Amino acid sequence: MEKTVLFQGNPMHIAGNLPEAGTDAPLFALVGKDLSELNLHDFKGKRVVLNVFPSIDTDVCAASVRRFNKDVANFDNTVVLCVSMDLPFAAGRFCAANGIDNVLTASAFRSDFGQTYGFELVDGPLRGLFARGVVVIDENGKVIGTSLCEEITEEPDYEFVANLLKK
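Residues numbered from 1 in each chain as written. Predicted model: local features only at pLDDT ≥ 70, side-chain atom pairs only at ≥ 80, totals over all residues. Heavy atoms only, no water.

(A) A look at the pairing of strand E6 (residues 78-84). Most of E6 sits inside the fold, with seven of its seven residues counted as buried. Both faces of E6 are covered, namely the face carrying Thr-78, Val-80, Cys-82 and Ser-84 and the face carrying Val-79, Leu-81 and Val-83. Bridge analysis of strand E5 (residues 47-52) against E6 gives six bridges, and the strand direction is parallel. Bridging across to E6, Val-48 finds its partner in Val-79. Crossover handedness for the path E5 to helix H1 (residues 59-71) to E6: right-handed. Of the strand pairs in this sheet, E6 and strand E7 (residues 104-107) are connected by four bridges, and their pairing is parallel. Looking at E7, one finds that Leu-81 is bridged to Leu-104. On the question of chirality, the crossover connecting E6 to the parallel E7 by way of helix H2 (residues 88-98) is right-handed. (Buried < 20%, exposed > 50% of the residue type's maximum accessible area, 1.4 Å probe, protein only. Helix = DSSP H or I, 4+ residues; strand = E, 2+ residues; numbered from the N terminus. Pairing = 2+ DSSP bridges. Right-handed = clockwise from strand over helix to strand, strands pointing away.)

Structural data, given as structure tokens:
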């Protein structure tokens, strides 16, 4: 069954399903801003927040990266991966220009992350990009919570993430 989100009030469908809390987080291979491969197992023993969004070149996406960059200092043993289809060069440029150094950017341009994690938009003007949401994974690779923004133009639920990480 396809999930639906809104983009400026218009429905768009998503391929796949977000992983459920209590399940093993699906493995992924993403690309860092230096073109290195980032895998879930690279963060074993750490909590991982996947901040997933359409493109760092939009105001709301940029705001979420800035906010998580600030907030991650409050979360012990936690890494935040900002995941989009943006090329690693664009993400690197954005981080350098904005003093972003507490989060990692991760490009899914050569992976099936969007389908595996249930964020890939399959229709509408953003087809091929990702819906906005978060997945929080514990130190053992288990999903402890997910949140999908009903309206893509709204920021993710930062309080939801903070509450999960306080447990």
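Moving on from the coordinates now.
(B) Structural detail: the sheet that holds strand E4 (residues 37-39). One open sheet accounts for seven strands, arranged E4-E3-E7-E6-E5-E9-E10; its pairing is mixed. The two strands at the open ends of the sheet, each matched to only one other strand, are E4 and strand E10 (143-148). On average, adjacent strands in this sheet sit at an angle of 30° to one another, irrespective of strand direction. The strands touched by H1 are E5, E6 and strand E9 (133-137); relative to E5, the strand with the most contacts, the crossing angle is about 160°. (Axes fitted to C-alpha atoms, helices over the stretch in contact; angles between N-to-C directions. Contact = heavy atoms within 4.5 Å.)

(C) Summary view of the nonpolar core. Core analysis: the biggest nonpolar cluster contains 30 residues, and Leu-50, Val-83, Phe-113 and Tyr-117 have the highest contact counts within it. Listed by contribution, the elements that provide at least two residues to this core are strand E1 (3-7), strand E2 (10-15), E5, E6, helix H3 (113-117) and E9. The residues touching Leu-50, leaving out its near neighbours within four places in the chain, are Phe-28, Leu-81, Val-83, Phe-113, Tyr-117, Gly-133, Val-134, Val-135 and Ile-137. Cys-82, Ile-100, Tyr-158 and Leu-165 belong to the second largest nonpolar core, which has 22 residues in total. (Core = buried A, V, L, I, M, F, W, Y, C linked by side-chain atoms within 4.5 Å.)

(D) Summary view of helix H4 (residues 158-166). Taken together, the buried positions of H4 are occupied by Tyr-158, Val-161, Ala-162, Leu-164 and Leu-165. What you see down the axis of H4 is that its buried residues fit within an arc of 160°, all on one side. Those residues of H4 that are exposed and angled more than 90 degrees off the buried face are Glu-159 and Lys-166. One side-chain oxygen at the N-terminal end of H4 lies 3.3 Å from the backbone nitrogen of Glu-159; it belongs to Asp-157. (Arc of directions from axis to C-beta. Polar contact = N/O pair within 3.5 Å; in protein donor to acceptor, adjacent residues only side chain to side chain.)

Shape descriptors only; they carry no functional weight alone.
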